[in-house]
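Working through the structure, step by step
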Amino acid sequence: MKRLVLITFLIGVTIAMVWATGQSETTVSDDGVPTLTYYRTPPGVIATLVDSWEEAPIWQAYQEQVGIDIEFVKIPQDAANHLSLLIASGDYPDIIENFWGRYPGGAAQAISDEVITPLNDVFDQYAPNLSSLIGEMQQAGPGNVLAMQTGEGEFFGFPMLRFYDEALVFVGPQLRADWLENLGLDVPETIDDWTAVLTAFRDEYDVAPLSGAAPVLNSRNIFGESSFASAYEVILDWHRVGDRIQHGFGQPELRDFLVKMNEWYEAGLIDPEFVTNDRSVFENKVYNGNVGAFIGFTGSSMGTYLNTMSSRDPEFDLVGAKYPVLNRGDYPYYGQRSGNVVPRATAISTQVSDVATAARFLDYAYGEEGHMLVNFGIEGVSYEMIDGFPRYTDLITDNPDGLTMAAAMGLYTGISAGGSAVQDGRYAVQYLLNLPQQADAVEKWKQTDAVEHLVVGLAPAPSVSDDFGAIWTEVQTYAEENILKFVTGARSLSEFDDYLDQLEAMGYETARQYMQNAYEAMTN
Amino acid sequence: MLQSGRMRRIANDRVLYLMLLPFFVYFVVFHYIPLFGNIIAFKRYSPARGIFESPWVGFSYFQQFFTSSYFWRVLRNTVVISLSTLIVGFPAPIILALMLNEVRSTAYKRIIQSVTYLPHFVSLVVVAGLIVQFSTIEGLFNDIVVALGGRRIPLLQEARLFVPIYVTSEVWQTVGWGSIIYLSALSTIDPNLYEAAVIDGAGRFRQLLAITLPSLLPTIVVLLILRTGRLLTVGHEKIILLYNPLIYETSDVITTFVYRKGLIDLNWSYSTAVGLLNSVVNGVIIVSMNALSRRVSETSLW
């Protein structure tokens, strides 16, 4: 009996201790300046420079100008699930920047779970700058405004917006320009051109020239942005054809694409390790001259490789190619193109004590002064007005401390690192199109019919999101695995119909119908 | 009477009980309180609502797992990988310990021990990084394959090679550390037994069979029982670091499946349901192995 008492006592003490340490203290503003807690992930390039956003000059200036103190939530690096855990703890920061579409069930579910506040009234009352911007966008057409709302028409966050092509198109096919020149070849346009060029690369340089980095469906892989698949009118993502929503995994045309890829793979035109290369392995292959063609970004691929190689191999040069087509003269069916509304937005949590202050803080960036601050930083420090054009100073473009341009921009301007504001085209021109090769590539990549096929913000309705999730994980695992097997020949393409049947058995059509319904709910 | 006697004993040994307290607290906090979290396997857990407010869904997540087209595949892979690791990996440290025990040169023995322990202290991420690098077309393993007259292939893209690569690297990682407990058991064997055996004319091998192995048997049995309790648990971290969709066929196991469900698709309830199921099966296995062992060898955990 006494032992039982002792054990109960010990358990009691333990639970009390745990409970006591779980109680969080509340922050009180001392000098009358309101304080907000801000959840925002610094990109890797910033995280290695400063402990927290607090130390970045841009944020010191921003707090001063808007008259609100900010406490940034400390986010450990590599903490992919940090926010999920934070939300699971039930103790939220005041404002949270996140890809709300990735919340289980989407932004609508986050609202109904009472994590974040619906913002329609808040925008009307406390966010004049953003409200007038939304009014202008509404007049241009409903698409962009819909992308900022849940299916029920609720605004869930302060968006990041971009209205310039230079800022919207930033991924595409790239080739070694010096190799092409050596061999007297033109930049390929059709799939047959590509076959010829890759074959010539293989023979001349003794490599499997087309390479990429895992995971296989990301932008840096040979499947990236459906670059080659789009020639066969296949898009390996949810997309729209007329009013029909579909996914490339279930398109019968996928077969033709896979036949070609398998042919290239067998012929040694594709790096057999495109499945397993991680980014650093892949980049070493680029630097060592083992890669002749790849899919990549304007800034972090083309810009970085050209800068790195300028000292190591002066011959090294890259050129962008248009998204490939089947017949010469065809207009590319699809290519990477980001929507005007970036799917990352800053929401106000339900635990904020003062919604008006939070809204005022976020709305500032959409006004005249705030816009210049987050895009260009402080005049005279990070930019100078030259003939009405805000030009970055050497602090950004040729940093005296040796920071890369991306890092310097992260510290002195907000926008290169995400955030809720309008991204200025004059920023994009100076950063993304710094080199002539980049400007030329973006000019080519822009030429696609992507707008016809993109649907920004498409998500299944909350009532079916569980069911959709259950189906889609299975479909996705199956499709990714088998697409790879078809390409490498581990599975014969004569079994392609079995693949489609299996996809159907797993519920592809049901999932597609959920997306179709979501699309119809969005557009009506 | 008895109780007051017990209380007096506790009072006498209060320092020992005090020393026990941190461990008691540790187990309650980190192993017993979290058990309540298993409730979410039967709920549609949403973090904002919390464990208690989330709606009940009964066995629907269990049902989803059983009807998943991948159920049999992940179960088969788990059992295959786990059993292969057990069959190859369990005897390895015993053999190593026995061999080390026979080595006379202390310096040589120390060096071998240190070298075999070393992988245990290397972070798993680094280990997996090494394996990935060595398995590439230009990597060390392929150099060896070529030296033996083979052809270069990306080893980690071949479904049939995954289990051998996994098991071999597992043995390499754990053999040294695992041998420590056997070495300490060996040091407790009474030297008189060996002397007596030598007088009786037993050679080294005879001594091994008649004295060393029987003395080790209780340790071996206990460790084996503990090991079988983890039969359905294959370390997901290492597999996640090594696998890719092309070899899911042989590498996707229950824990990696749960990982993708729970932390990538944020379906915590589903993950918990599968995890709970896993633990129940592991529990059943360990209890029955223990009973079997008690009957057969008279050695058991409890």
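For the structure, check the block above.
As the structure is a prediction and not an experimental result, all values here were calculated from the model. (Residues numbered from 1 in each chain as written. Chains lettered and ligands numbered in written order. Predicted model: local features only at pLDDT ≥ 70, side-chain atom pairs only at ≥ 80, totals over all residues. Heavy atoms only, no water.)

This part is about the overall build of chain A. Helix and strand content of chain A: 24 helices and 13 strands. What you see for chain A is a C-alpha radius of gyration of 25 Å, in line with the 24 Å of a compact globule of 524 residues. By its C-alpha atoms, chain A is 75 × 70 × 55 Å across when sized along the principal axes. Taken across its 524 residues, chain A has 53% of its residues classed as buried. About 22300 Å² of surface is accessible on chain A, with carbon and sulfur atoms providing 49% of the total. Of the side-chain charges in chain A, 28 are positive and 74 negative, and the distance between the mean point of each set is 5 Å. (Helix = DSSP H or I, 4+ residues; strand = E, 2+ residues; numbered from the N terminus. Rg over C-alpha atoms; globule rule 2.2 N^0.38 Å. Buried < 20%, exposed > 50% of the residue type's maximum accessible area, 1.4 Å probe, protein only. Areas by Shrake-Rupley, 256 points an atom, 1.4 Å probe, with all protein chains shown as cover. Lys, Arg positive; Asp, Glu negative; His and termini not counted. Charge placed at Lys NZ, Arg CZ, Asp CG, Glu CD.)

Take a negative patch on the surface next. Where like charges cluster on the molecular surface, the negative patch consists of Glu-233, Glu-253, Asp-256 and Asp-330 of chain A. The class of Glu-253 of chain A is partly exposed, set by a relative accessible area of 34%. (Patch = residues over 30% accessible without salt bridge, like charges linked within 9 Å, V, L, I, M, F, W, Y side chains within 5 Å. Salt bridge = Lys/Arg side-chain N within 4 Å of Asp/Glu carboxyl O.)

Attention now goes to the sheet that holds strand β4 (residues 158–162) of chain A. Residues and elements named next belong to chain A. Taken in spatial order, the 6 strands of this open sheet run β2-β1-β3-β10-β4-β13, and their pairing is mixed. Here the strands that pair on one side only, and so sit at the sheet edges, are β2 (69–72) and β13 (422–423). Pairing analysis gives 4 bridges linking strand β1 (residues 35–39) to β2, with the strands arranged parallel. Bridge pairing in β2 places Tyr-38 opposite Phe-72. In this fold helix α7 (residues 128–140) packs onto β4, β10 (341–348) and β13, with an angle of close to 50° to the strand it touches most, β4. (Pairing = 2+ DSSP bridges. Contact = heavy atoms within 4.5 Å. Axes fitted to C-alpha atoms, helices over the stretch in contact; angles between N-to-C directions.)

In this section: the packing of aromatic side chains. Tallying each qualifying case throughout the model produces 55 aromatic pairs over all chains. Aromatic side chains Trp-59 of chain A and Tyr-62 of chain A sit 5.2 Å apart centroid to centroid with 45° between the ring planes, which places their arrangement in the tilted category. Here Tyr-62 of chain A and Trp-59 of chain A lie together in helix α3 (residues 57–66), a separation of 3 residues that amounts to about one turn. Given the relative accessible area of 2%, Tyr-62 of chain A is considered buried. Among the aromatic side chains, those forming a connected cluster through ring pairs are Tyr-61, Phe-65, Phe-66, Phe-71, Trp-72, Phe-257 and Tyr-270 of chain B. For Arg-260 of chain B, the ring lying beneath its charged end belongs to Tyr-248 of chain B, and the centroid distance is 4.7 Å. (Phe/Tyr/Trp six-rings, centres within 6.5 Å; stacked < 30°, edge-to-face > 60°. Lys NZ or Arg CZ within 6 Å of the ring centre and 35° of its normal.)

All names here are of chain A. Core analysis: the biggest nonpolar cluster contains 154 residues, and Phe-158, Phe-223, Trp-264, Phe-274, Ile-348, Phe-361 and Tyr-499 have the highest contact counts within it. Per-element tally for this core: the top contributor is helix α22 (residues 465–488), with 10 residues. Residues within four places of Trp-264 in sequence aside, it is in contact with Ile-191, Trp-194, Thr-195, Leu-198, Leu-210, Phe-228, Leu-269 and Ile-270. (Core = buried A, V, L, I, M, F, W, Y, C linked by side-chain atoms within 4.5 Å.)

Here we come to empty space enclosed by the protein. Residue and element names in this part refer to chain A. Scanning the model with the defined rule gives 3 cavities of 30 Å³ or more in all. Put simply, the largest cavity is a space of about 110 Å³. Around the largest cavity sit 14 residues that line it, and Arg-40, Trp-59, Val-374, Gly-419 and Ser-420 are the ones nearest its centre. The set of elements that each furnish at least two residues to the lining of the largest cavity consists of α3 and α15 (355–363). In this model, the second largest cavity occupies a volume close to 40 Å³. (1 Å grid on protein atoms, 1.4 Å probe; cavity = no way out; pocket = protein on both sides within 12 Å on 5 of 7 lines; lining within 4 Å. Points joined across faces, edges and corners; volume = space filled by probe spheres on them.)

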